Amino acid sequence: MGAKCCKGKEKYPHLFSPIRIGNIRLKNRIIAAPTSPSMITTEGHFTPEMTAYLEEKAKGGVAVVTYGESIVHSATGKSHNKQLQLDSFGVKQGMAQTARAIHNAGAYANIQLSHGGKYGGLVSVGGDQDGCEVAYGPSHEMTPAGEVQEMPKELILEIVESYKTGAKLCKDCGFDMVQVHAAHGWLFSQFLSPVMNQRTDEFGGSLENRARFLMMALDAVREGVGPRFPIEIRISGDDLTDVGLGLEDCVKVAKMVEDKVDLFNVSCGNHEDPAMFCRTHPSAFFKRGVNVYLAAEIKKNVSKPVACVGSLNDPAQMEEIIATGQADIVEIGRALLADPYLAKKALEGNAEDITPCLRCYECFGETSKSETVKCTVNPTMGQQYPEKTRKQTADTKKRVLIAGGGPAGMEAAITAALRGHDVTLVEKSGELGGNLHPAGAAYFKEDIRKLCKALISRVEKAGVKVVLNTEVTPEYVETFDPDALFVAIGSNELRPPIKGMDLPHVIMAIDAELHPEKLGKKVAIMGGGLVGGEAAVSFHHEGKECSIIEMKSKIAGEVNSFYRGGLMPEIEKAATCYADTKVKEIVPEGVLCEKDGKEFVIEADSVVCALGFRAPYDKVDALCDKVDEYYIIGDCKNVGQIYHATNQAYYAAMRL
């Protein structure tokens, strides 16, 4: 029988069975879905950072690593500020080096061929500058973002040729597959649309005519790469919009192109429709695998292998999908940013150690903000290039004391212990986790609960000594006498001097999140930031009638736009929102407020105070004064998000 079977192959036999796609044999059924953070030069070339980002996914054990949205015709199709441009002089070197890096790390290299269609000349979600001169779509239209010109037939033929040229270039540079993007509202999706496509020539009218451009491009790609070279196509199972195709027509498209492709990747929605973005890339308010049913329906109607997507990150669910015939392959995007080693951990039987993706969209948000990528729960995401040369073990073993067992304290303890230090973690409460417990209390926050459990397990496995029910005081530090001190004591909830704060129906946000049973039927939440907004969604789910009172003009205004896009519809369903509203006083019957010079009472049985947190700088300074080497991390440094805690903790521990 050969080598002993890995635990994961016994537990997930279908997930870790091989499959042949064209002329390649995949070692398992996991593909790194196409992603394309903006670590690209302004000329449209790969950077070493992008190569290292893709390489790590291959190291993590997936069968195929896919780079997303390489543009075949950059004069008309570049929809984002910085994208890989296959027709840019000098692009080959970085592509070849990237393909080699993926191969050398153990995976096949795949690359997505794309064109933004009309978004090449309009402002898109990912492109607000350096766009194409003219926006070309299937038909002329006036949009809020600008005018769209009907794409001339001569340009259609030129773009078809560019698919051939681009595909051949990818193959010449060592890529093993290409994926043609025909979903998410880009070029081919626009031509397939019965609403956007109002042409009267051979590229408009019937579905067959509207699919003609795509069919010609697929034939051109085949001509460019030759027989048996794997061609994957990303299609929608349902555009889920009034302007797109429904499931029935998507099935027809799949049947039409079946003999031209080797693998279907079935997605849905429209990248440029804000209401749809959080379904195309499912938010925490959707169940895991929400879009898999679309792949299952396509699979019933075609004989070629079908891959599914849908914010999957649990190997057990992936196994069930394949075992029950819903799909042949799973493709994973954000989950591999949270934990690039997901496949390897599953294969080795360590699925409980997989770092869960929180679906917080910080990865998308950072790409838009700084043209890099980061992850809330993975401090090395986007830093793979410098990490390759970082020394992992410490030169000198130190005796380390960590004050505080929240996410920052645990991450620091794990990292320092793995580097060879003698680490003691002291937590004043009876359990590790800190604010991950209230943050993970809501029904849609299961992944934070999983993160907390994984970190606690890693603390134990790393050999960290844990002391609970003990507060680290200056005297404790003196007695312990550490070589280095990490201060991770968290923050305190703000309890402002509002008249009536001492009334019995007032409850602080953390207490309310952990114990919603303490709340009455009508709940007024003071503070409409992320904590208050998510609390309203959670309390509404528990059957409460909620109101949010916020001084600023926007609810959850500090949240990245991608997460906020999914959160706000939930808040609007869950609560009556009072923006630009000041709390004057808490009264027995609720909250006395003022807006536009007028006072009114919001009735409430319970009043939740969610007005933010403040770092205890006096306590931090008192602890730091007792040692020469100290590191301040997490909320006690500056109140922030989970990302700030894990990132600060990891890199501080790496400096030890």
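What counts, and at which threshold
Residues numbered from 1 in each chain as written. Predicted model: local features only at pLDDT ≥ 70, side-chain atom pairs only at ≥ 80, totals over all residues. Heavy atoms only, no water. UniProt positions renumbered as here; feature names shortened; annotations may be inferred. Salt bridge = Lys/Arg side-chain N within 4 Å of Asp/Glu carboxyl O. Helix = DSSP H or I, 4+ residues; strand = E, 2+ residues; numbered from the N terminus. Buried < 20%, exposed > 50% of the residue type's maximum accessible area, 1.4 Å probe, protein only. Contact = heavy atoms within 4.5 Å. Axes fitted to C-alpha atoms, helices over the stretch in contact; angles between N-to-C directions. Parallel < 35°, antiparallel > 145°, perpendicular 65-115°, else oblique. Left-handed = near helix turned anticlockwise from the far one by under 90°. Pairing = 2+ DSSP bridges. Polar contact = N/O pair within 3.5 Å; in protein donor to acceptor, adjacent residues only side chain to side chain.

As annotated in an unreviewed UniProt entry, the protein chain is FAD-dependent oxidoreductase from Dorea longicatena. The record held by UniProt for the protein chain lists under Sequence similarities (unreviewed entry) the comment "In the N-terminal section; belongs to the NADH:flavin oxidoreductase/NADH oxidase family."

As for the pattern of salt bridges
Tallied over the full model, the rule gives 34 salt bridges. Asp422 is the partner of Lys465 in a salt bridge, and the nearest nitrogen-oxygen pair spans 2.4 Å. Of the two residues, Lys465 sits in strand E16 (residues 465-467) while Asp422 sits in strand E15 (residues 422-426), which places them 43 residues apart along the sequence. The network of salt bridges with common partners includes Asp339, Lys345, Asp353 and Arg458.

A few points about the environment of Ser193
Relative to the elements of secondary structure, Ser193 occurs in the loop between helix H6 (187-192) and helix H7 (207-210). By relative accessible area, Ser193 is classed as buried at 0%. A sequence separation of 316 residues divides Ser193 from Ala509, and the C-alpha atoms of the two residues are 47 Å apart. Look past the residues within four positions of Ser193 in its chain and what remains in contact with it is Arg210, Val243 and Gly244.

Details of the packing of helix H17 (residues 407-418) against helix H25 (residues 642-655)
For the pair H17 and H25, the least separation of the axes is 8 Å and the interaxial angle reads 30°. Compared by their axis directions, H17 and H25 come out roughly parallel. Handedness of the crossing formed by H17 with H25: right-handed. Across the interface between the two elements, Pro407, Ala408, Glu411, Ala412, Thr415 and Ala416 from H17 touch Ala645, Thr646, Ala649, Tyr650, Ala653 and Met654 from H25.

Side note on the sheet that holds strand E4 (residues 64-71)
In space, the eight strands of this closed barrel follow the order E3-E4-E5-E9-E10-E11-E12-E13, with parallel pairing throughout. Going across the sheet, the axis of each strand differs from the next one's by a mean of 30°, ignoring polarity. Examined bridge by bridge, strand E3 (residues 30-35) and strand E13 (residues 329-332) share three bridges and lie parallel to one another. Note on E13: the bridge partner recorded for Ala32 is Ile332. Packed on one face of the sheet, helix H11 (residues 292-301) meets strand E10 (231-238), strand E11 (263-268) and strand E12 (306-308) and runs near 170° to E12.

As for the side chain of Lys82
Within the secondary structure, Lys82 sits in the loop between helix H3 (74-77) and helix H4 (91-104). Among the polar contacts listed, one links the side chain of Lys82 to the backbone oxygen of Ser38, at a separation of 3.3 Å. With sequence-adjacent residues up to four places away left out, Lys82 is seen in contact with Ser38, Ile40, Thr41, Thr42 and Glu371.

Section: the environment of Val373
Residue position: Val373 is located in the loop between helix H15 (362-370) and helix H16 (384-387). For Val373, a relative accessible area of 6% translates into the label buried. A C-alpha to C-alpha distance of 9.7 Å links Val373 and Met50, two positions 323 residues apart in sequence. Ignoring sequence-local partners within four residues, the contact set of Val373 consists of Pro37, Met39, Tyr53, Leu337, Cys363, Glu366, Thr367, Met381 and Gly382.

Describing the pairing of E10
With respect to burial, E10 is a largely interior element, eight of its eight residues being buried. As paired elements, strand E9 (residues 177-181) and E10 share four bridges and run parallel to each other. For Val178, the partnering residue across the bridge sits in E10 and is Ile231. Where E10 meets E11, six bridges bridge the pair, whose relative direction is parallel. Opposite Asp238, over in E11, you have Cys268 as the bridge partner.

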